[in-house]
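What follows is each chain in one-letter form.
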Amino acid sequence: MRPCGRRLPDGIEHTAALKIRAVRGTSQQMAEERVQRRLAAILAADVVGYSRLMGEDETGTLAALNKHRAEFIHPTVAEYRGRIVKLMGDGALVEFPSVVDAVECAVAVQRGMVDRNADIPEGKRIVFRIGINLGDVIIEGDDIYGDGVNVAARLEGEADPGGICISGDAYRQVLGKIDFAFEDSGERNLKNIAEPVRTYRWFDGKPSQDRETDTIPIETRSSDRPSIAVLPFDNMSGDPEQEYFSDGITEDLITDLSKMSGLFVIARNTAFSFKGQSLDVGQIGRKLGVAHVLEGSVRKAGNRVRINAQLIETATGGHVWAERYDGSLDDIFAVQDEITQKIVAALQIRLTAREAASARRHITDNVEAYELYLNGRAEFHKFNSEGTREAARLLEQAIAVDPGFAAAHAALSQALQHGWTFMFPGFEDALQRMLEVAQRGVELDDTMGLTHTRLGWASTFVGRHDEAVVSFERAVELEPNAAETYIWFAETLNYAGDPTRGLEMVRQSMKLDPVVPTAYPLVEGHSLYLLRDYDAAIDRLNTAIALAPGFPLPHLLLGIVFSELGRSEEATAQITVLRESVPAYTLDIVAQRLPYRDEEPKRRMRDALEQAGMPA
């Protein structure tokens, strides 16, 4: 039995409010007396297979449920400041003053029930599903009603056994405030709820099983694949200017490990979100759902380098191995090889012949070119005009020092595309050069997923959409853990006219990179806009803006969405923000820089932007 809410019919007073009283105050005051509301975090819980359990052993099931409630559930709810509104057979409705409290309580309950069920035969275990929503509720005495409650109850039905499903409204409140990972499981049409609800499922180290469709066909985390997060190595050089080097070592280790299909690797954006934090590896393991963490430090002084590295098991905090490497800068590639090989051996990863060959190959053997490359990559990650221009300069130098440096060609192509798209000074004629260096990167090393990714992206911008898709499919085959590949593949699919598959690629990228960077909700919002799912598109684009308020593209797309919905003032406001950021953007420029294959999305965008007031 599940909790259910109820709404008062419009214009009809609830019978409990019909009391004989003196008529005082205004009609508004009387309405407030009749119906009290507040915003609350609501948790709905239900026992999985309760009818079967009762049919097999009614007395034993009731005794077990009551024991769990008295000894564990109720004290845990109290610990997290929850109020049990009501119990209904196997169901419970709980109110919390904070969504963070509600989610932390839910996770504590589900983990605690695993321990309590450990010695109980599987067919007799009490297992809960939990749903959580943030919403407006109607108060009547100690009870609560309304859509806020109804959504929580329906979300409980969407949760996996032993799992937690929360609404998009709840997810936005806990983002960055909890040590647990949630995966986006898309929108759901919930019974008796008028609008679709975006849902997120608790990710506790294994993927949720979507009971309706498998929307992401590519294999991700699974119980038989070891998993690892490579945390940013600390810069111990005493010189902040050397930060690029320690960050670069970390990125290259992530890239090397990402080539291995037998290993799940957390992507760069998520790994670097822990930079400077003091969380222990157990917290990181729970948050990311990984069994191992690699951490370390780099000290660089002149031509001397010292690297400390340690592989830690997150469940126990125990060291699998720890090593210190001292040597000259010329030894850096051998050190990276050794660290990678020790991880492969410690985690017993089986490499294919291609993966083994790739692991032995360095991106360059030239230390000077490598330092220029790392520095250029660090400059690019500033994502501004000066950083992009400096990145291109450094990467051109790296190629001049080592003309066979395929990764430097790929990185330069990315910098040129970024500068051209955002109309940075000096990049006016960068389009052809972008394509040429991307093509050269693949010619130099066609076994590197990165080179195919950059060629696919460059091909998109020159209108070669079929070639772009082929390049991205090859990149995915070569580096199945590369989150960046999936997100740019998704955007290429949007431009090529396949936003449905684009959504699949976005969500695959999110699984690899749980701490969502701006590009993910931006590209997802783009897919949803093209599919005319406007409400969901608005939600994702607002998320992108919240993550990076100064980034122009979410404002462009949000302005287009509002314009197509006839919300002209909101559309104009978004385009105003866009043009404050990039004053040179006009209708013609946008049409030139958004490379759609088909005419229909071009027409839609142009009409919408004209109505929003963008000049030609």
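The rules behind these values
- Residues numbered from 1 in each chain as written.
- Predicted model: local features only at pLDDT ≥ 70, side-chain atom pairs only at ≥ 80, totals over all residues.
- Heavy atoms only, no water.
- Helix = DSSP H or I, 4+ residues; strand = E, 2+ residues; numbered from the N terminus.
- Buried < 20%, exposed > 50% of the residue type's maximum accessible area, 1.4 Å probe, protein only.
- Contact = heavy atoms within 4.5 Å.
- Areas by Shrake-Rupley, 256 points an atom, 1.4 Å probe, with all protein chains shown as cover.
- Phe/Tyr/Trp six-rings, centres within 6.5 Å; stacked < 30°, edge-to-face > 60°.
- Lys NZ or Arg CZ within 6 Å of the ring centre and 35° of its normal.
- Axes fitted to C-alpha atoms, helices over the stretch in contact; angles between N-to-C directions.
- Parallel < 35°, antiparallel > 145°, perpendicular 65-115°, else oblique.
- Left-handed = near helix turned anticlockwise from the far one by under 90°.
- Nonpolar A, V, L, I, M, F, W, Y, C, P; charged D, E, K, R; others polar.
- Pairing = 2+ DSSP bridges.

Enquirer: How should I be thinking about the overall build of the protein in this particular structure?
Expert: Secondary structure summary: the protein contains 25 helices and 14 strands in total. Put simply, the protein has 616 residues, and 55% of those count as buried. Intrachain contacts of the protein at a sequence separation of at least 6 include 66% that bridge at least 24 residues. Summed over its atoms, the accessible surface of the protein is roughly 27,000 Å², and 49% of this surface lies on carbon and sulfur atoms.

Enquirer: Help me understand the packing of aromatic side chains in this model?
Expert: When we look at a pair of aromatic rings, we describe it by the centre distance and by the angle of the planes. Applying the stated criterion across every chain, the model contains 12 aromatic pairs. Ring centres of Trp457 and Phe461 lie 4.9 Å apart, and the angle between their planes is 85°; this geometry places the pair in the edge-to-face category. Within this pair, Trp457 and its partner Phe461 are both found in helix H16 (residues 449-461), separated by four residues, close to a single helical turn. Three or more aromatic residues joined by ring pairs make a cluster, and in this case those are Trp420, Trp457, Phe461 and Trp488. Taking NZ or CZ as reference, Lys342 lies 5.9 Å from the ring centre of Trp321, over its face.

Enquirer: Sorry if this is basic, but what is going on with the packing of helix H20 (residues 519-530) against helix H21 (residues 534-547) here?
Expert: Helix-helix packing is described using two parameters, namely the angle between the two axes and the distance between the axes. At their nearest, the axes of H20 and H21 sit 8 Å apart, and the two run at 160° to each other. The angle between H20 and H21 falls in the class roughly antiparallel. Of the two elements, H20 crosses H21, and the hand of that crossing is left-handed. Note on element contacts: H21 touches H20 through Tyr534, Ala536, Ala537, Arg540, Leu541, Thr543, Ala544 and Leu547, opposite Pro521, Leu522, Glu524, Gly525, Leu528 and Tyr529. Its residues placed into classes, the contact of H20 with H21 shows 10 nonpolar, two polar and two charged.

Enquirer: Teacher, can you tell me more about the pairing of strand E14 (residues 319-328) here?
Expert: Every other side chain in a regular strand lies on the same face of the sheet, so the side chains alternate between the two faces. In terms of strand pairing, strand E13 (residues 304-313) meets E14 through nine bridges, oriented antiparallel. Bridging from a neighbouring strand, Arg304 pairs with Ser328 of E14. The antiparallel hairpin formed by E13 and E14 contains five residues in its connecting segment, where Gly317 sits at a positive phi of about 80°.

Enquirer: So what exactly am I meant to see when it comes to the packing of helix H13 (residues 385-401) against helix H14 (residues 406-421) here?
Expert: Look at H13 against H14: their axes get within 9 Å of each other, and the N-to-C directions meet at 155°. In terms of their interaxial angle, H13 and H14 are classed as roughly antiparallel. Taken as a pair, H13 and H14 cross one another with a handedness that is left-handed. Across from Thr388, Ala392, Leu395, Glu396, Ala398 and Ile399 in H13, the residues of H14 making contact are Ala408, His409, Ala411, Leu412, Ala415, His418 and Gly419. Taken together, the residues of the contact of H13 with H14 sort by class into eight nonpolar, four polar and one charged.

Enquirer: Mind showing me how you'd approach the environment of Gly285 here?
Expert: Relative to the helices and strands, Gly285 resides in helix H9 (residues 281-288). Along the chain, Gly285 and Glu313 lie 28 residues apart, while their C-alpha atoms are 8.6 Å from each other. Sequence-distant contacts of Gly285, defined by excluding residues within four places in its chain, comprise Val290 and Thr314.

None of this, on its own, says anything about what the molecule does.
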